[in-house]
Amino acid sequence: MRKGKSLNKRLNMLLAVSVVPFSIMTIYLLFMVQQLSERYDAIVDNITHANEYNIHFKEDVDYTMYVIVVNSERAEELVDTKKPHELITQARDTFQTLWGQADNSYAKSMLTRIVKSLDTLEDRVEEIEKDARVSGMYDKNLERLDLNVRVLTELIQEQIQEYIYYETTNLEALRVNVRKDAANALRISMVVFAAILIGELFLSRKISGHLTEGIQQLRLVTRKAGHGDFKVRAQLSDSDEELAELGEGFNQMVERIGNLVEDIRVEQLNLRATEQKLLQAQINPHFLYNTLDAIIWLAEAGQTEQVIMMVSALSDFFRTTLSKGRDYITVQEEESHIRSYLKIQQFRYQDILEYEIDIPKEMYRYQILKLTLQPLVENALYHGIKNKRGKGHIRVTGQLEGGRLVFKVSDDGMGMTPERLAQVRKAMNKGDEDISGDPSGFGLFNVVQRIKLNYGAEYGLWITSVYQEGTEIQVEIPAINNEPNSKNI
């Protein structure tokens, strides 16, 4: 049977439909926010660093240079705190760093001009510092201060302000892009969420539809099977692995139950047939006719004692056979039954038959299924002794072994070949052959069946035979002291 998708796989698919797109969308949004945040932080940092020099750089440089020009001695006092070279170097390092972080040519060009202006300013500062201690250079240095330093610092300040304006413009553009990206992300999120919702609804309805349809069909066929229709079968699609396995298991179960019910029906039919054979064996017309003929012959011959013996034995035989409808009798009654049978048969076959019955009296009180030993004695006579030339001997013994009654019916008749013994054993257990050879006989199979039906499968008959030496049949039944309730057999 082809296996379909399991319920676990379908649920994983349903989970994937919601989790995977949602995870992708979340990662996209996080990535976008991260990019915007980094861009925003970079612009703000650029503006912040540039703005520091926009406010104080010109004032600091102009003031320190004025002090140097006007009073060089006082300038020595300012050298440790506010050297023009240090201010210019710090500014150049800052703007070179911003140049390295710039992401477009226009910003790099602006920053390049600022750095060049700082280099020029540094050259002019060095010229003024060199001439500051030279007498007669005061007026020239003042002129240099006005035309070179102050003009350059103002130019640098304007360039810085232009760069700040440019970065502020970028910040505004970033804000506009953030609005657009947020709007796009919102639209995309709505579309994705709608697709996830639709996909989940579709898959959940499909999965639940498969399940409810399969369970509904299983419920219907189960109801039919519960009403005794064991031919019903679940017709389930193999697209669902679990439901397909349930349906297959249900079909196998119903088939086995149907077979068991059919076996029980056959067993009941066999049991009825066994009952009919038992009734026929209880009153064997052929045996009865022969016995009555023998009695008539003895009466005509005036052998009164023999007539009394035969009639008495026949009366005892049928009294035990009928037993007032009881299915179980005592071992003593069963012994009396086979003794009556053998006494009658010995009169008919007195030239060829001898018998011996050795059953201990302590076994007499136990119960035994009626007509258990008599068919075996009859089988020994007709299939063992009669087929032998000369006189034969039948021996019936019994003993109590570990809670079991064990009886043995043996004869020294013709016995059986190994092949015939195998056939008899097979027929005795399966009933596919009438091994008794007498249509009115009971048959070993029926004895075995009656024992197993009444006592259990562990009890029954065991047969051994040696050709031209004899046959022995062993019977084992449980030792039951009190008579059980009557059973139909």
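In this text, all values refer to a predicted model and were calculated from it rather than measured experimentally. (Residues numbered from 1 in each chain as written. Predicted model: local features only at pLDDT ≥ 70, side-chain atom pairs only at ≥ 80, totals over all residues. Heavy atoms only, no water.)

Caption draft 1: Structural detail: the overall build of the chain. From N to C terminus, the chain includes twelve helices and seven strands. Out of the 489 residues belonging to the chain, those deemed buried represent 39%. Taking the contacts inside the chain whose residues are at least 6 apart along the sequence as the reference set, 74% of them involve residues at least 24 apart. (Helix = DSSP H or I, 4+ residues; strand = E, 2+ residues; numbered from the N terminus. Buried < 20%, exposed > 50% of the residue type's maximum accessible area, 1.4 Å probe, protein only. Contact = heavy atoms within 4.5 Å.)

Caption draft 2: Local environment of the packing of aromatic side chains. Summed over all chains, the structure comprises three aromatic pairs. Here Tyr 328 and Tyr 455 contribute two aromatic rings whose centre-to-centre distance is 6.1 Å and whose plane-to-plane angle is 75 degrees, an arrangement assigned as edge-to-face. Within this pair, whereas Tyr 328 is found in strand E1 (residues 328-330), its partner Tyr 455 is found in helix H12 (residues 444-455), the two being separated by 127 residues in sequence. Where Tyr 455 meets Tyr 459, the ring centres are 6.4 Å apart and the plane angle is 70 degrees; that geometry is what we call edge-to-face. Owing to a relative accessible area of 11%, Tyr 455 belongs among the buried residues under this scheme. When the ring centre of Trp 99 is taken as reference, the NZ or CZ atom of Lys 108 above it lies at 4.1 Å. (Phe/Tyr/Trp six-rings, centres within 6.5 Å; stacked < 30°, edge-to-face > 60°. Lys NZ or Arg CZ within 6 Å of the ring centre and 35° of its normal.)

Caption draft 3: Spotlight on the packing of helix H11 (residues 418-430) against H12. Two numbers describe how H11 lies on H12: the axes approach to 7 Å, and their chain directions differ by 45 degrees. One finds that H11 runs oblique with respect to H12. Like other packed secondary-structure pairs, H11 and H12 cross with a definite hand, here right-handed. Residues Val 424, Ala 427, Met 428, Asn 429 and Lys 430 of H11 form the contact with H12, whose participating residues are Leu 444, Phe 445 and Val 448. (Axes fitted to C-alpha atoms, helices over the stretch in contact; angles between N-to-C directions. Parallel < 35°, antiparallel > 145°, perpendicular 65-115°, else oblique. Left-handed = near helix turned anticlockwise from the far one by under 90°.)

Caption draft 4: Representation of the pairing of strand E7 (residues 470-478). Across the nine residues of E7, seven count as buried, placing the element largely inside the fold. Here strand E5 (residues 404-411) pairs with E7 via eight bridges, running antiparallel. The partner of Asp 411 across the bridge, within E7, is Thr 471. Direction of pairing for strand E6 (residues 460-466) relative to E7: antiparallel, over a ladder of seven bridges. In the sheet register, Thr 464 faces E7, and the bridge partner there is Glu 472. Hairpin connection of E6 to E7: three residues between the antiparallel strands, including Gln 468 at a positive phi of 65 degrees. (Pairing = 2+ DSSP bridges.)

Caption draft 5: Quick look at unusual backbone geometry. Positive phi is not limited to glycine here, since Leu 371 has a value of about 60 degrees. Looking at the element boundaries, Leu 371 is found in the loop between strand E3 (367-369) and helix H10 (374-385). Here the phi dihedral of Gln 468 falls at roughly 65 degrees; this positive angle occurs in a residue that is not glycine. With respect to the secondary-structure elements, Gln 468 resides in the loop between E6 and E7.

Caption draft 6: Quick look at helix H9 (residues 331-348). Given a rise of 1.5 Å per residue, 18 residues ought to cover 26 Å, and the 26 Å separating the end C-alpha atoms of H9 matches this to within 8%. Those residues of H9 not exposed but buried are Val 331, Glu 334, Glu 335, His 337, Ile 338, Ser 340, Tyr 341, Leu 342, Ile 344, Gln 345 and Phe 347. (Expected span 1.5 Å × (residues − 1).)

It is worth stressing that arrangement in space is one thing and function is another; only the former is reported here.
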